[in-house]
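These are the residues of each chain, in order.
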2 protein chains.
Amino acid sequence: MQYHYEGYISGDPRVSPAKGTGVGRPEEIPDTMDVLIVGTGPAGAITAAQLSQFPSVTTRVIERRGGRLELGRADGVSVRSVESFKAFGFAGRIMDEAYRITETGFWSPDPANPANIVRSSRTPDDPTGLSEFWHITVSQARVADYLFEYAANAPARIRPDYGWELTSVTVEDSGEYPVVAHLRRSSYPSEGREKVVRAKYMLGADGAHSLVRAQIGRKMEGTSSMHAWGVIDALVVTDFPDLRRKAIIQSEAGSILWIPREGGHLTRIYVDLGVLTEENARTIRATSLDTVVAHGNEILHPYSMKLVDVPWHSIYEVGHRVTDKFDNVPAEATGKVIPRVFIAGDACHTHSAKAGQGMNVSMQDGWNLGWKLGWVLDGRSPASLLDTYSAERQPIAQDLIDFDRKWSDIMAKKPEELTDPNEREAFYVGTWEFPSGMATKYPPALLVGTLDHQDLATGFPIGKRFKSAAVMRVCDSNPLQLGHLHLADGRWRIYVFADPAAAGGPSPTTDFATWWTTSPDSPLAAMPAGLDADDWFDLLVIYQTPLEEIEVPDLPGAFRPVMGPFKVEDWEKAFTIDPADDIFEARGISRDGAIVVVRPDEYVAGIWPLTAHAELGAFFKPILSVN
Amino acid sequence: MQYHYEGYISGDPRVSPAKGTGVGRPEEIPDTMDVLIVGTGPAGAITAAQLSQFPSVTTRVIERRGGRLELGRADGVSVRSVESFKAFGFAGRIMDEAYRITETGFWSPDPANPANIVRSSRTPDDPTGLSEFWHITVSQARVADYLFEYAANAPARIRPDYGWELTSVTVEDSGEYPVVAHLRRSSYPSEGREKVVRAKYMLGADGAHSLVRAQIGRKMEGTSSMHAWGVIDALVVTDFPDLRRKAIIQSEAGSILWIPREGGHLTRIYVDLGVLTEENARTIRATSLDTVVAHGNEILHPYSMKLVDVPWHSIYEVGHRVTDKFDNVPAEATGKVIPRVFIAGDACHTHSAKAGQGMNVSMQDGWNLGWKLGWVLDGRSPASLLDTYSAERQPIAQDLIDFDRKWSDIMAKKPEELTDPNEREAFYVGTWEFPSGMATKYPPALLVGTLDHQDLATGFPIGKRFKSAAVMRVCDSNPLQLGHLHLADGRWRIYVFADPAAAGGPSPTTDFATWWTTSPDSPLAAMPAGLDADDWFDLLVIYQTPLEEIEVPDLPGAFRPVMGPFKVEDWEKAFTIDPADDIFEARGISRDGAIVVVRPDEYVAGIWPLTAHAELGAFFKPILSVN
């Protein structure tokens with residue numbers, strides 16, 4: 001965490017000085033704005049949090065509810081999400097208060113007495129070590145709390161506008177603010193009051209019944225069949241031994257998905273109520289809590305549960321559905337017309353709760369869009385960047401639906417229908433990368449380079465998220481995780497993995513540093529005057545030479561850039577190998593060095609040799625606006 | 001973190017429901033109270049934070065300043081302090097924002113050219129792995145912020161009363177509130193207004209010039225010689241390679257203690273100004289910032305520094321002094337008269353800043369006193385507990401003064417006076433346990449048992465702080481650090497290291513569990529009716545059998561006690577060995593098992609065999625009030 005460099009901060013350093021639109025931000029929604037976000041769920045919240053780092057951009061977030069979410073909804077948080085929370089500064093705090101999933105217990109009918117369930121196996125979570133973060137469960141309300149705390153403390157000081165609902169949206173063909181939104185006060189103190197606002201862009205993060213989706217003419221496509229679940233948050237007294245362990249229970253009486261929750265006592269229980277048909281839908285939707293619990297007790301036999309407190313319960317029905325495009329521009333017009341309205345999260349994809357994916361995929365949607373809006377609206381990038389949002393995220397949603405359908409099919413099988421008694425466990429473990437959130441791999445396009453130089457750093461697959469590894473910081477001999485230094489500040493990271501020459505001496509690394517700061521072809525040259533060198537691009541160097549042989553003042557200026565009003569040098573840009581865990585070894589990095597470029601949302605954009613100055617310049621050229 | 005068991009908590013679980021005196025706590029200082037703390041420095045703040053967990057106790061904290069500390073003062077935080085912060089819930093957050101010390105650079109005159117300094121060595125911090133926490137630097141203002149945040153969020157809802165100063169205190173011989181304190185409004189809005197309040201107990205945490213100390217007739221004893229330092233917090237532009245590394249610099253021109261600070265840019269610089277004499281004192285105290293910096297630059301030669309922002313600077317003078325007793329009862333009356341007024345922190349001990357000890361020893365003072373006041377005032381323990389405060393802490397302060405004197409003597413030596421060129425480094429590394437805060441070892445007395453059974457758990461030295469180790473929680477297969485589960489909730493921890501028999505079956509461990517819950521000699525029997533079994537004592541069991549062979553419902557009730565209004569079971573009390581790091585091996589615990597008792601302030605109170613029911617009962621008998 002870097003602070004004090006703009007002047008001494010006496011209080012909490014997580015509260016940044018307000019800047020730009022964050023200075024005197026009005027309480028009342030203005031008539032025009034850059035971005036209007038509809039909805040404060042995970043997708044809307046993370047988009048707002050990302051945009052809060054762009055104080056030149058006016059962002060408002062409306063929410064129909066009169067205040068924050070209090071109860072219920074999603075609770076599964078993948079390791080990719082927690083990794084993302086690290087960038088937003090709250091991974092440690094949310095892990096502290098959450099339940100950590102380390103294992104899943106699979107329960108099946110006892111072969112000797114099929115009326116009873118027995119634990120058939122335990123499978124570890126993250127068996128292959130995809131991340132150093134945890135797979136957790138915690139109420140989505142807390143995720144939104146943290147994201148909005150971040151947004152409120154960031155330079156743009158974004159806070160949600162509760163008690164406003166969208167009633168319609170239209171997009172005009174021209175004008176600076178072509179998105180026209182009709183809003184209505186949905187709660188006290190002035191319910192019913194209407195207001196028309198105009199925006200440059202809109203995000204519909206307004207859930208499965210999205211009005212924004214309907215208004216831009218997008219439709220959910222997929223199976224029409226709906227599956228119903230009784231879902232309960234409860235304090236449970238039970239003799240079931242996996243009270244505090246995630247469990248997938250299949251008995252002759254039906255199935256339960258059992259999710260321990262934060263705080264050591266709460267349990268989220270999903271009791272399968274079957275497929276909805278025209279005949280049974282009305283009855284199933286009216287199932288009482290007592291009936292769900294009684295059915296749950298049949299499934300748990302010979303164990304039983306008593307629910308001593310039920311803060312929330314619902315009947316939850318869902319199909320497997322996805323929209324074909326995540327913005328308002330018809331496929332045939334893409335590239336010709338700037339998209340103005342986007343949708344994210346449940347507004348684009350709905351599926352079962354089984355794999356705990358909803359909140360997680362939604363947040364990756366929102367982060368993907370958020371930084372792109374920031375770069376375009378801050379004038380750093382052309383609007384063509386925005387075409388990549390739907391292009392990148394829609395296929396991920398399609399993969400999610402396909403995965404969820406397979407998983408649901410297996411879960412729905414009766415014990416005697418399984419081709420292999422361990423079919424469920426085998427699928428669960430074998431496909432782990434997907435629900436962990438790590439399977440996303442964007443193909444080469446505007447924001448992802450070619451795979452030509454993948455061999456220079458095999459442990460950083462191009463298009464996938466940057467997997468952290470250990471390094472030592474030179475200036476203070478601190479052992480650190482390189483990936484944990486990637487903050488959600490909207491900046492690209494340029495990791496310069498150095499050749500073996502002495503740090504600071506003549507070498508391809510030093511040549512690169514010179515090119516970076518002085519060449520008219522360097523991405524730095526696209527920056528307007530008056531900015532600090534690292535305002536858009538965080539350039540970091542990782543040497544191979546021992547720490548004792550490097551002194552920061554000897555390094556090229558590119559690796560100790562001057563920052564802030566007092567023009568102090570940033571000494572925290574230079575690293576070397578942690579002898580306990582060599583990053584060159586761990587990530588398959590060439591000893592001749594490599595440039596690894598990582599996008600603001602932590603995805604690897606490309607890899608180049610240290611000498612590929614022109615190629616790197618060419619990669620960034622279409623991403624950067626010509627000033 | 002355990003929550004939801006008293007009812008669903010939708011917001012931040014770190015905010016406990018208010019209880020007792022925390023419900024409707026008045027803004028205005030009341031006329032009578034249980035504890036009056038004078039001063040909001042580290043000692044006062046941690047005492048308040050501990051007492052905030054005792055909602056039956058009315059605690060007020062007055063501070064002469066009109067608000068929180070903004071700048072300057074102490075900044076060195078030992079690993080023992082950070083470990084303590086873990087118990088108060090903010091170790092992660094403060095480590096995130098602090099500077100981490102991993103090495104010290106020692107600088108001396110270049111033998112080839114003594115006008116220049118050269119780095120003579122680098123020594124690692126904590127070379128022996130005393131703790132899994134970090135040695136950090138951060139403004140003491142932030143430490144107080146976190147401690148008071150904790151106090152405000154805890155059941156007793158304690159907040160400081162800023163803008164009040166103590167003008168006098170007297171102790172009457174009898175009465176329920178024998179401490180009579182005269183207060184005066186020291187700041188806006190009603191400066192000068194006076195108020196007389198009465199308390200059962202008072203803590204003077206009012207600094208080196210403590211009025212409380214003077215009023216109870218205690219005197220600082222020790223050397224009368226004072227040493228002066230120019231001390232500066234600054235943003236520095238420099239070619240000195242250890243800008244971001246702790247450095248001890250001794251040149252022909254003098255010496256500097258160089259402390260990197262939080263935020264990546266700030267530096268705390270101590271420039272030695274020499275011993276104060278009658279002749280030079282006035283001149284030295286008037287040294288200007290420019291003069292201090294110019295002297296610093298002479299010392300740094302051939303390097304130089306330019307201070308581009310100086311948020312705080314001061315001339316700081318100090319001797320090595322300690323009071324002979326930390327309460328108001330004369331030595332000869334101890335044990336006959338209840339102490340009513342205590343002093344802690346700088347009010348008891350002053351010394352140089354060189355070893356970064358001030359804040360740290362002060363907080364251990366405050367924590368030591370805080371829980372004892374809580375137990376006495378809540379009616380759990382007799383007032384004799386309070387005699388142990390001075391008895392335990394005064395010798396620690398004496399050790400601190402002795403250590404600091406030795407360290408100062410070595411630091412004051414000119415290069416040519418060193419008996420060995422590495423004398424400074426050797427002393428620094430060789431005595432590391434002391435400044436880390438881990439050397440404290442309370443001797444057997446009321447709150448520390450005999451050393452008879454130390455051999456049953458050699459890795460938990462009796463009287464020293466409980467050193468954490470890895471375990472696996474049975475209910476959820478979570479790998480955890482056992483010591484990190486020790487919260488600053490005022491409870492004793494009873495660690496039952498089990499014998500090798502199957503968990504839950506007949507065994508000395510199960511016998512102990514039965515004795516604990518049912519015997520009239522068990523400490524539990526001292527608790528009033530209506531409390532949960534673990535309200536005063538947190539009983540935890542660590543089995544040796546593999547996790548897969550233990551099911552929580554099979555365990556004795558003592559290890560899954562019922563808690564809260566909904567009578568749910570606590571399943572988080574049972575642990576077993578983490579195969580990756582066997583705690584029995586790591587801490588030298590007998591395979592026949594052992595009981596390890598740890599005080600609320602994390603010091604090991606005693607070790608007994610599993611079968612020593614009577615001895616354990618006898619240990620607790622004088623600590624517990626007879627109901």
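Our subject is the structure that appears above.
Residues numbered from 1 in each chain as written. Chains lettered and ligands numbered in written order. Predicted model: local features only at pLDDT ≥ 70, side-chain atom pairs only at ≥ 80, totals over all residues. Heavy atoms only, no water.

## Brief notes about the sheet that holds strand β4 (residues 99–101) of chain B
- Pairing is antiparallel in the open sheet, where three strands are placed in the order β3-β7-β4 (chain B). In this open sheet, the two edge strands, each paired with only one partner strand, are β3 (76–77) and β4 of chain B. (Pairing = 2+ DSSP bridges. Helix = DSSP H or I, 4+ residues; strand = E, 2+ residues; numbered from the N terminus.)

## Here we look at unusual backbone geometry
All names here are of chain A.
- Across the junction of H301 and P302, the peptide omega takes the value 15°, indicating a cis bond.
- Here P302 is to be found in the loop between α7 (289–300) and β17 (305–318).
- In this model, R157 sits at a positive phi of 55°, which is unusual for a non-glycine residue.
- Counting through the fold element by element, R157 comes out in the loop between α4 (140–153) and β8 (161–162).
- Residue classification places R157 among the buried positions, given a relative accessible area of 16%. (Buried < 20%, exposed > 50% of the residue type's maximum accessible area, 1.4 Å probe, protein only.)

## Thoughts on the relation of the copies chain B and chain A
- Least-squares fitting of chain B to chain A yields an RMSD of 0.0 Å, with the transformation described by 0.0 Å of translation along the axis and a rotation of 180°. What the superposition gives is, in effect, a two-fold axis relating one chain to the other. Among all residues of chain B, the one whose C-alpha sits closest to the rotation axis is G92 of chain B, at a distance of 3.4 Å.
- Both copies contact each other with a shared surface, as 100% of the interface residues of chain B are interface residues in chain A too. (Least-squares fit on C-alpha atoms with pLDDT ≥ 70 in both. Contact = heavy atoms within 4.5 Å.)

## Details of the interface of chain B and chain A
- With 66 residues of chain B at the contact, the number on the chain A side is 67 residues.
- When the area that chain B buries against chain A is broken down by residue, the three leading residues are Y8, H265 and W571 of chain B, summing to 13%.
- Viewed at the interface, chain A and chain B are joined by six salt bridges.
- The salt bridge partner of E97 of chain B is R14 of chain A, with a shortest N-O separation of 2.8 Å.
- Joining chain B to chain A, the criterion identifies 32 residue pairs in polar contact (both at pLDDT 80 or more).
- Examining the composition of the side of chain B that touches chain A, we find that four residues originate from one element, strand β13 (residues 226–238) of chain B, more than from any other.
- Residues that form the side of chain B that touches chain A fall into these classes: 27 nonpolar, 13 polar and 26 charged. (Buried area = accessible area lost by both parts, 1.4 Å probe. Salt bridge = Lys/Arg side-chain N within 4 Å of Asp/Glu carboxyl O. Polar contact = N/O pair within 3.5 Å; in protein donor to acceptor, adjacent residues only side chain to side chain. Nonpolar A, V, L, I, M, F, W, Y, C, P; charged D, E, K, R; others polar.)

## Details of the pattern of salt bridges
All names here are of chain B.
- Across all of its chains, the model carries 106 salt bridges over all chains by this definition.
- Its salt-bridge partner being D12, residue R14 comes within 3.0 Å of it at the nearest N-O pair.
- Where E165 meets R184, a salt bridge forms, and the shortest distance between an N and an O atom there is 2.5 Å. Note that E165 is positioned in strand β9 (residues 164–171) and R184 in strand β10 (residues 179–185), a separation of 19 residues in sequence.
- Judged by its relative accessible area of 17%, E165 falls in the buried class.

## Re empty space enclosed by the protein
All names here are of chain A.
- Per the stated rule, a full pass over the model turns up eleven cavities of 30 Å³ or more.
- Estimated volume of the largest cavity: approximately 110 Å³.
- For the largest cavity, the lining is made up of 14 residues, of which Q357, V361, F434, G437 and T440 are closest to its centre.
- Mapped by element, the contributors of at least two residues to the lining of the largest cavity are α2 (79–87), α8 (358–377) and α9 (387–412).
- Looking at which element gives the most residues to the lining of the largest cavity, the answer is α8, with three residues.
- Classifying every residue of the lining of the largest cavity by side-chain character gives five nonpolar, seven polar and two charged. (1 Å grid on protein atoms, 1.4 Å probe; cavity = no way out; pocket = protein on both sides within 12 Å on 5 of 7 lines; lining within 4 Å. Points joined across faces, edges and corners; volume = space filled by probe spheres on them.)

## Looking at helix α1 (residues 42–51) of chain A
Residues and elements named next belong to chain A.
- Within α1, ten of the ten residues are buried, which leaves it mostly tucked inside the rest of the structure.
- Where α1 is concerned, the buried positions are P42, A43, G44, A45, I46, T47, A48, A49, Q50 and L51.
- Next to the buried residues of α1 lie β1 (32–38), β2 (59–63), α4, β11 (194–204) and α8.

## Looking at the packing of α1 of chain A against α8 of chain A
Residues and elements named next belong to chain A.
- One can describe the packing of α1 onto α8 by two numbers: an axis separation of 7 Å at closest approach and a directional angle of 30°. Classed by the angle they form, the pair α1 and α8 counts as roughly parallel. Like other packed secondary-structure pairs, α1 and α8 cross with a definite hand, here right-handed. Of the residues in α8, those touching α1 at P42, A43, I46, T47, Q50 and L51 are M359, S362, M363, G366, W367, G370, W371, L373 and G374.
- Among the residues forming the contact of α1 with α8, the class breakdown is nine nonpolar, six polar and no charged. (Axes fitted to C-alpha atoms, helices over the stretch in contact; angles between N-to-C directions. Parallel < 35°, antiparallel > 145°, perpendicular 65-115°, else oblique. Left-handed = near helix turned anticlockwise from the far one by under 90°.)

## A few points about the sheet that holds strand β16 (residues 266–276) of chain B
Residues and elements named next belong to chain B.
- Here seven strands make up an open sheet; going across it, the order is β6-β5-β14-β15-β16-β13-β17 and the pairing mixed. Of all the strands in the sheet, just β6 (113–124) and β17 (305–318) have a single pairing partner and so form its edges. Direction aside, neighbouring strands of the sheet carry axes that sit 20° apart on average.
- The pairing of strand β5 (residues 103–110) with strand β14 (residues 246–251) spans four bridges and is parallel. Residue W107 lies in a different strand from β14, and its bridge partner there is I249.
- Against the sheet, helix α7 (residues 289–300) contacts β6, β13, β14, β15 (254–260), β16 and β17, and its axis sits at roughly 105° relative to β17.

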